[in-house]
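Read off the chains here:
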Amino acid sequence: MADSTNLSPTPKPWIEDIHAYIPGKSASADGKPLIKLSANENPLGTSPAVHAAMGNAVHPNRYPDGDSRELRKALSAKHGIDTGRIVCGTGSGELLNCAVQAFAGRGDEVLFSRYSFSLYPLLAQKVGATPVMADDADYAASVDNLLAAVTERTRVIIVDNPNNPIGCWLPADEIARLHAGLAADVLLIVDQAYAEYLAEDVDDGAFELAIRHNNVLVMRTFSKAYGIAGERVGWATGAPPLIDMINRIRGAFNVSNHGQVAALAALGDDAWIARCRKENAVERARFVEAMEALGNHGIRPLPSEANFVLVLFEGVLTAEGALSAIAEAGYAVRHLPGQGLSHALRITIGQREDMDAVATAIRQAAEAA
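Residues numbered from 1 in each chain as written. Predicted model: local features only at pLDDT ≥ 70, side-chain atom pairs only at ≥ 80, totals over all residues. Heavy atoms only, no water.

Draft legend 1. A look at the overall build of the chain. Along the backbone of the chain there are 13 helices and 13 strands. Taken over C-alpha atoms, the radius of gyration comes to 21 Å for the chain, in line with the 21 Å a tight globule of 369 residues would show. Overall, the chain is about 60 × 55 × 55 Å in size when its C-alpha atoms are taken along their principal axes. A total of 369 residues make up the chain; the buried ones form 53% of that total. For the chain, contacts bridging at least 24 residues in sequence account for 73% of all contacts bridging at least 6. Per element, the accessible surface of the chain, about 16600 Å² overall, is 52% carbon and sulfur. One way to put it: in the chain the 32 positive side-chain charges average out to a point 5 Å from where the 44 negative ones average out. (Helix = DSSP H or I, 4+ residues; strand = E, 2+ residues; numbered from the N terminus. Rg over C-alpha atoms; globule rule 2.2 N^0.38 Å. Buried < 20%, exposed > 50% of the residue type's maximum accessible area, 1.4 Å probe, protein only. Contact = heavy atoms within 4.5 Å. Areas by Shrake-Rupley, 256 points an atom, 1.4 Å probe, with all protein chains shown as cover. Lys, Arg positive; Asp, Glu negative; His and termini not counted. Charge placed at Lys NZ, Arg CZ, Asp CG, Glu CD.)

Draft legend 2. Examining the UniProt feature "modified residue: N6-(pyridoxal phosphate)lysine" (unreviewed entry) in the chain more closely. Within this numbering scheme, the UniProt entry marks K224 as carrying the feature "modified residue: N6-(pyridoxal phosphate)lysine" (unreviewed entry). Residue K224 is classed as buried on the basis of its relative accessible area, which comes to 15%. The contact partners of K224, leaving out residues within four places of it in the chain, are A39, N40, N42, A193, Y194 and Y197. (UniProt positions renumbered as here; feature names shortened; annotations may be inferred.)

Draft legend 3. Structural detail: the sheet that holds strand β7 (residues 216-221). The seven strands are arranged β2-β8-β7-β6-β5-β3-β4 in an open sheet whose pairing can be described as mixed. Each edge of the sheet is formed by a strand with only one pairing partner; in this case those strands are β2 (86-89) and β4 (130-134). Sheet twist, expressed as the mean angle between neighbouring strand axes with direction ignored, is 20 degrees. Judged from the three bridges that link them, strand β3 (residues 109-113) and strand β5 (residues 154-160) form a sheet pairing that is parallel. Pairing of E109 across the sheet is with T154, part of β5. (Pairing = 2+ DSSP bridges. Axes fitted to C-alpha atoms, helices over the stretch in contact; angles between N-to-C directions.)

Draft legend 4. Local environment of the domain arrangement of the chain. By domain assignment, the chain separates into domain 1 (25-45 + 271-368) and domain 2 (48-268). One C-alpha centre belongs to domain 1, the other to domain 2; they are set 26 Å apart. For the pairing of domain 1 and domain 2, the buried interface totals around 2100 Å² over both sides, and the portion due to carbon and sulfur atoms is 57%. Broken down residue by residue, the surface that domain 1 buries against domain 2 is led by R277, E305 and Q339, which jointly contribute 28%. (Domains from an automatic or database assignment. Buried area = accessible area lost by both parts, 1.4 Å probe.)

Draft legend 5. Local environment of the pattern of salt bridges. Counted under the stated rule, the structure contains 20 salt bridges. Of the charged contacts, one joins R275 and E279 as a salt bridge, the two residues approaching to 3.0 Å between their closest N and O atoms. Residue R275 and its partner E279 are located together in helix α11 (residues 270-292), separated by four residues, close to a single helical turn. Overlapping salt bridges, with partners in common, bring together E283, R286, R352 and D356 in one network. (Salt bridge = Lys/Arg side-chain N within 4 Å of Asp/Glu carboxyl O.)

Draft legend 6. Representation of the side chain of S142. Mapped onto the elements, S142 comes out in the loop between β4 and α6 (143-148). A distance of 3.1 Å separates the side chain of S142 from the backbone nitrogen of N145, its partner in a polar contact. When sequence neighbours within four positions are dropped, the list of residues in contact with S142 reads D135 and A137. (Polar contact = N/O pair within 3.5 Å; in protein donor to acceptor, adjacent residues only side chain to side chain.)

Draft legend 7. Structural view of the environment of Y139. Relative to the helices and strands, Y139 resides in the loop between β4 and α6. Along the sequence, Y139 and C168 sit 29 residues apart, while their C-alpha atoms lie 8.6 Å from each other. Excluding anything up to four places from it in sequence, Y139 contacts Y115, I166, R300, L302, L312, E314, L341 and H343. Only 2.7 Å separates the side chain of Y139 from the side chain of H343, close enough to count as a polar contact.

Draft legend 8. Molecular detail of the side chain of D204. Tracing the sequence through the fold places D204 in the loop between β6 (187-191) and α8 (206-212). Lacking a salt bridge, the buried D204 has R220 as its closest oppositely charged neighbour, with an N-O distance of 6.4 Å. Among the polar contacts made by the side chain of D204, one reaches the side chain of N161 at a distance of 3.0 Å. Once residues lying within four places of it in the same chain are set aside, the contact partners of D204 are N161, W169, L170, P171, A172, I175, V190 and Q192.

Put into structure tokens, the structure is as follows:
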């Protein structure tokens, strides 16, 4: 009989190739707590309406509504989408996982722009598919380059709009052009995690595409502008057959009682979102102006429509040097060498005093370099 003492379950080879997702840091290398500007959380926090709603709203011994019916009804009313075209999940991450799992596998390709959300390649690898990165256009997503990268093996295309970590945004005519260039059996996912930070009259047209076509899914989250990242609530909309596939795969009772209550309250507080959008735009513009003033030091902020700015360090001061200076000032920001951005820092837009402190730390480090 063979000796089984050293045997253990063998993972699939494509799972062994995965590097776990790394969240934004909140401490320095020596463990000192830092103010966190590394995860694109809402610096203003959560709407007071959410705190009030969560006070005594749920019974922990009871399972949540597995279909998130009240939340789906509220999303339907707000966005003019039939409830049968909406599914909720534990953040948009669960729904992205489900969509890729349903439509891609071994031998297939999942396509996205070179500089996109770092979760995307993991989504492909989890199902044994091949992640493919289309060339960027000065870091931004390019519809021409995405279409040029499509092959007969492409099953899913994911576009984060606004993009993370660049902050770029594709307008409605570009999203429509991308969709028009795809075969009907290729799934287009438009990930709108930062959509609430766009001006109210700005729309990339993805909701309308999802209503008119059977191969478009739109993802949103309550983790960013709505300020309830800790409750893990997201949602997706698309044609009923697409929603049906996600419902077959998603977790049962996936959105907690507190998550559903919090999301309902957050969704109803338009004034809070308007305030967050306005303050983000003001502080982002001030911070970009401060970084542009350091252009003679090789520092370049990329245009952003989200609640962060990617700053390139192309002069004597390196991104590592700036990261150290910012940590010394008491802040954590995101360095992304694993995404080919070792010369850049993604900096979440915080409150005014935060952005002034970070800008000062970068300026002083640049002048001393």
